[in-house]
Each structure stands twice: as structure tokens, then as C-alpha cells.
Amino acid sequence: MTDIGGFQDHIARIDLGARDITYDGIDDEDAKKYIGARGLGVKYIFDAGPDVDPLGPDNRLAFMNGPLTGTQVTMSGRIAVCTKSPLTGTVTDSHHGGWSGARLKWAGFDGLLFEGQAEEPVYAYVDDGKVELRDAAHLWGKGVHETRDTIDSELDGEFGKNLSIMAIGPGGENEVRYACIMNEDDRASGRGGTGCVMGSKNLKAVVIKSGTRMPKPKDPETFQEGHKQAMKAITESDVTAPNEGGLSMYGTNVLMNITEEMDGHPTKNGRYTSGDAYNEGEKDRPHDLDAEKISGENVRENILVDEPTCHSCPVACKKEVEANVMHKGEEMNVRMESFEYESAWALGTNSANDDRDRIAVMIDRCNDMGVDTIEMGNMMAMAMDATEMGYLDQLDDGLEWGDAETMIEMIERVAHRKDELGDLLAGGQKHVADELNAHDCRLDVKGQAIAAYDPRCMKGMGIAYATSNRGACHLRGYTPAAEILGIPEKVDPYEWEGKGELTATFQDLHAISDSFDICKFNAFAEGIEEYVLQYNGMTGLEYSEEELLEAGERIYNLERYYNNLVGFDGSDDSLPEVFLESGETPGQGASEGEYCELEMMKEEYYEHRGWVDGIVPDEKLDELDIDVGPGTGVSSVDGSSAPADD
């Protein structure tokens, strides 16, 4: 039990197979060591042991908020979903914004832990400190949008007022390895296949009715001081200031033109470093690629219809759009939020496509089917590459570069595993590469595809992709903050030296913010000083900056150690060959001749981390007070694993 501020001291443990629901408090020491949300969620996954089948009944699925979630803290509407990933086999956590995290806190909960497998489809209804399992047979097979509307009508139209609905679509039901959980209006826990785990458990949705239990700061004076400093930093930052450009005006897609101009924009499955380089190098291209057509500026000028926001957020980075296209002779109209940078890149220029409105349709279809837009776009780019190289000749099927019409259809083919190609692509990049012996078409790390930053240009992203604990990811350690935006200070994107330490610092800081759980965009304005003041003010603890940073380091090392126990080591801290000198595809334009010097950065990174060949040694576990003794379900990297006691 804990009386640390910010917590409700209330966790639901839901055994779906037995339809048994029990309630626990939060362990006080765990709360101090792992903060909350991502940190505590990963601790719950770790305690279940590393040998669980991601799609088996013993795998835990943890919906977790943090001590700052649902409070006055700016951008504190996040929620973490933690589990063992069916895409990568690593531990994973995937976050989304909106209101569900805050509403879970206000309903009296710090988290929901799902285990087992329901015999028939169910959804969980959360209200006033209680969880109830309800029949969802009538929802199975429906898209996310229809699922949301059906539940809303059954609950008398409370959605959007005091109700949050987190649901899976056919992608999760059919166990697409990168299926996601969709929350409210098109906000996703997108990465790692959390929706696939949810589908394997026959859990269609989690519905939260808002309560009134907002935690109050234990130390109001310290909290208000931190909150005041944080608000000042956010409103004065060029990146986060409301209505002053940056995220507020253009959303995350403000980066499209920036990365294109610096030739750090992977194009045509990473074969080029920008659309301009593609136009120059592809002599037989069907048309020029123009990244500006799908940029935040273009979207705002042409198809923007609204700018919704999340709990306690003045930035309003979401850019709701409306688009109309003709598809197969029929008019398609979509209205969705939001036209994000990563989605636009993956479904756009990386697939040799710059059709803005059809990309909007694809994002909407991915959301409705419940599949990750980043992974889906990368999968289609991989299929296009494989088609061009003849790997798909055996299927008598394929996908041509920039074929937006077929791309729209392919999303549903994958989500429903409708045919041989759809079923193949549902397995993820590593699966496709293994099945086709097409490893030269991969753009993944540990099975998860990269995001929209080219490590031939931004060297920090190379080591960040390689050492991310959940497979290739830009959000574990967002080095473009320093390499592009100069936050906290500008560094040369082409210089590899120092990037190992920089990446580790970002990884630890993001582990803290993910465990609070607050939006990472805070980090474009706030620093560790604001974090400490708000955390101490809310919880009543007296952490120093060093102690809070150590908590972030502890969380990152716990995740890494879990992955070591699963079987991952330094050899898995790799990059797609296309980015390395061995891949013989140097950068073009401003990045001309550049490769990613991964091995040198790994050496620097491991030394800073205190790891040995990518493995967390016992000395590091002791230093960070990470308990791997009896009762945790795991022993050591060299030892065996056993089922968890609980």
C-alpha cells in the first residue's frame, strides 16, 4: 500500500478466463523506484517472467497511468499500455493521449492488469473504483468506429462527455502482429502490437466512465511553483507555444519539410534520403515526389477542419482533417484526427506516394481496422521493394510503388488476413523477410520498423533505433530534439561522437516522462528542474534531480534486463543494412556519402550505460537496486526463468 500523492492506491487484476476481478494497492517501494505508468507497468510485466507467449493467456496486458496523470500538470492526459510484444518479443509500452488516462485516474484507478483469455468476446466497463466484464459478442468483427458508436448508444450517448472507449478493430481480432488499441477519436497506442495481445485475450474494448477523484498535491506550494515554471517554459518555447507556429500550428507534421530539406527523410523504403534525391536518382519514376504536398503547412491550408486537444494541454497539436477522394468509382469522405508526421511519411514518401487526401483515407482506414500506421506504411513499402526485386513472384501478387489505390485496399486485406499477401504482411517485417528471404528489404530493428528520421543524416537516431528497448523507435530517445531543434542545445546531426551518451540521457528522461505519464512534447520546453518540482509537489516526496534521473535509468535498465532474459543482446542492437556502409546506399543531397557509424556509437553507448556487450551485468542491477530475486519470476541472464508467484 502507498500514501504517495498522485496515486489512488488502487489496481484491478482481471483474470479474463476465470472472470475473476480482485483489487490491490500499489507497493510503496515500487512506486518510489519505478514512478508509475510505464515504469510500474513494465515492473508488472517483468514480475510475470520473460518466458510467456505474447499471445498466450499468461501474458499480462497492463493499462497504467502515472502520479501526474489527470492532474493540473500540463499535457498530463497520457496512458501507458505495457505487455510483451507479439511483434518483437521484447517488453513494450505504447502510449496514447486524449482523456482515457485522466478518466481512469478520476474513476479511482492507477491501473488495470489483464491476464488469461476470455472464452467469448468481452469488454471491460470501469466505473467508480469497480470493473465489470460485459458481453462483446455483438461487437466482434466491427471496426473501431462502429464499435465506439455501438457502445456509446448502449450507454446513452456519454462518449465525449464523461466516457472514454479504448477498442480494437479486426486487426487485433485477427492477431495482426502490429495491431493497435484505438482510443476515442483516432488516438492510438500504436506500436508493438498491444492490440494483437488484446485480441488474443478476446478483449474487445476497455470503457471508462469518468469520476471525480482528481488527486490533490501533497505539497501544494512546491507543486504550484513547478507548474508555474512549466507553463512559462511551454508558452515561451518556439516549438510548444500556443498559436505561435510549431506544434500548435502544424502538429507533428511540421517536421515534413524540415527533414526533407536536410535530406534526413527516408524515401522509397530508405533507398533515398529525400524526395528530391529520389527524383534525381529514379530515372524511370512514374512521377516526381513532392513531400511538401503532405506537409503540415499544406494540410493546414487545404484540409484542416478542427484542432482538438487532450486533457490539460494548451498546445493542441492534433490536426483534424476532412478529405474526399474517388476510389474505384465511388466517392470516399473521411474526417479524422490526426494527420501525423510519422503516418504521412510511412504511407507517403517512404512508399513513393505524395497523394495527401488518399493518405488521409489510409490513416482513417488504419485507425478503423486497428493497425499501426507506421508499421502498415513500412510493410507496404517493404512489399513494394520486394515486388520490384522479384521476391513476390511466387505469390503472383505484389504492390507497385506509389499505388495509392491498392494501398487503401491492402490495409483491409492485412487486417482481415484476407489473402496470401495480406496474411504474409500481417506478420511484420522480420516475418516477411524470413518467409521470402528478403532481408535486404527490411527497415526494422528487432522486428519493429523505423520511423521518419534517417540515421545517415541524424546519427543519434541510429544508436537510438538500435538500442531502443521496444524495437526501432523514435520516442525512446528523441535525439532530433538536439539534432534538429537545438533542445537542450544544438548538436551536429552528422557527428557520431557523443551521440551514445546523448541518446542514453534522452532515453532516461523519456522513461521519467512516460512514467509520470505526461506528453513527450513537454521535453521541448521543460527540463529536469520542472519535472522534480511538479513530481515532488504532487507526491510529497523529496527527490533530487539526480535521484529522479536514476529512477529513469533504473526503468530503462529493467526493460533491457527483461529483454536480455528473453534472449536479446548486443548483436540485436543493429540497423537495417541500407543505413550502414555494408549496405552500400550512402546518403544523398546534403547527406551525400553519409553512412551511420553504428559500431562506434554502440561502444560509446555501452560504456556510458555500464553494459557488457549489450547485457546488463549484476553490478549494474545492484547499483540501481533492481530486484531480481525470489518472487519476481526471474533470476539472472545466465540462470533460468520460472513462473511468477502472483
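Computed from a prediction, not measured in an experiment: that's the story for all the values here.

Engineer: Would you mind showing me how to read the pairing of strand β7 (residues 122-127) here?
Structural biologist: The side chains of a regular strand alternate, residue by residue, between the two faces of the sheet. Within β7, 5 of the 6 residues are buried, which leaves the element mostly enclosed by the surrounding structure. In textbook terms, the turn of a hairpin is the stretch between consecutive antiparallel strands, and for β7 and strand β8 (residues 130-135) this stretch comprises 2 residues, one of which, Asp128, has a positive phi near 50°. Here β7 runs beside strand β12 (residues 203-209); their pairing, made up of 5 bridges, is parallel. Within the sheet, the bridge partner assigned to Tyr123 lies in β12 and is Ala205.

Engineer: Can you walk me through the pattern of salt bridges in this structure?
Structural biologist: A side chain with one charge can pair with a side chain of the opposite charge if their charged atoms come near. Inspection of the entire model under this criterion finds 51 salt bridges. Residue Glu236 is joined to Lys232 by a salt bridge in which the shortest nitrogen-to-oxygen separation is 3.1 Å. Linking Glu236 with Lys232, this pair stays in helix α7 (residues 220-236), spanning 4 residues, or about one helical turn. The class for Glu236 is exposed, based on a relative accessible area of 53%. The residue Arg554 makes a salt bridge to Glu550 at a minimum N-O spacing of 3.5 Å. Of this pair, Arg554 and Glu550 are both found in helix α22 (residues 545-566), 4 residues apart, which corresponds to roughly one turn of the helix.

Engineer: Is there a simple way to explain the confidence of the model for the protein in this structure?
Structural biologist: Close inspection of predicted coordinates is inappropriate in any region flagged by low pLDDT. Model confidence for the protein is summarised by a mean pLDDT of 95, while 97% of its residues fall at 70 or above. Below a pLDDT of 50 lies the segment residues 638-646, which in the model reaches 13 contacts outside its immediate sequence neighbourhood of four places, other chains included.

Engineer: How should the side chain of Asp444 be read in this particular structure?
Structural biologist: Checked against the element boundaries, Asp444 lands in strand β16 (residues 444-445). At a separation of 2.7 Å, a polar atom in the side chain of Asp444 contacts the side chain of Arg442. Only 2.9 Å separates the side chain of Asp444 from the backbone nitrogen of Gly447, close enough to count as a polar contact. Non-local contacts of Asp444, meaning those with residues more than four positions away in its chain, are made with Gln429, Lys430, Ala449, Ile450 and Pro576.

Cut-offs and rules
- Residues numbered from 1 in each chain as written.
- Predicted model: local features only at pLDDT ≥ 70, side-chain atom pairs only at ≥ 80, totals over all residues.
- Heavy atoms only, no water.
- Buried < 20%, exposed > 50% of the residue type's maximum accessible area, 1.4 Å probe, protein only.
- Helix = DSSP H or I, 4+ residues; strand = E, 2+ residues; numbered from the N terminus.
- Pairing = 2+ DSSP bridges.
- Salt bridge = Lys/Arg side-chain N within 4 Å of Asp/Glu carboxyl O.
- pLDDT = per-residue confidence, 0-100.
- Contact = heavy atoms within 4.5 Å.
- Polar contact = N/O pair within 3.5 Å; in protein donor to acceptor, adjacent residues only side chain to side chain.

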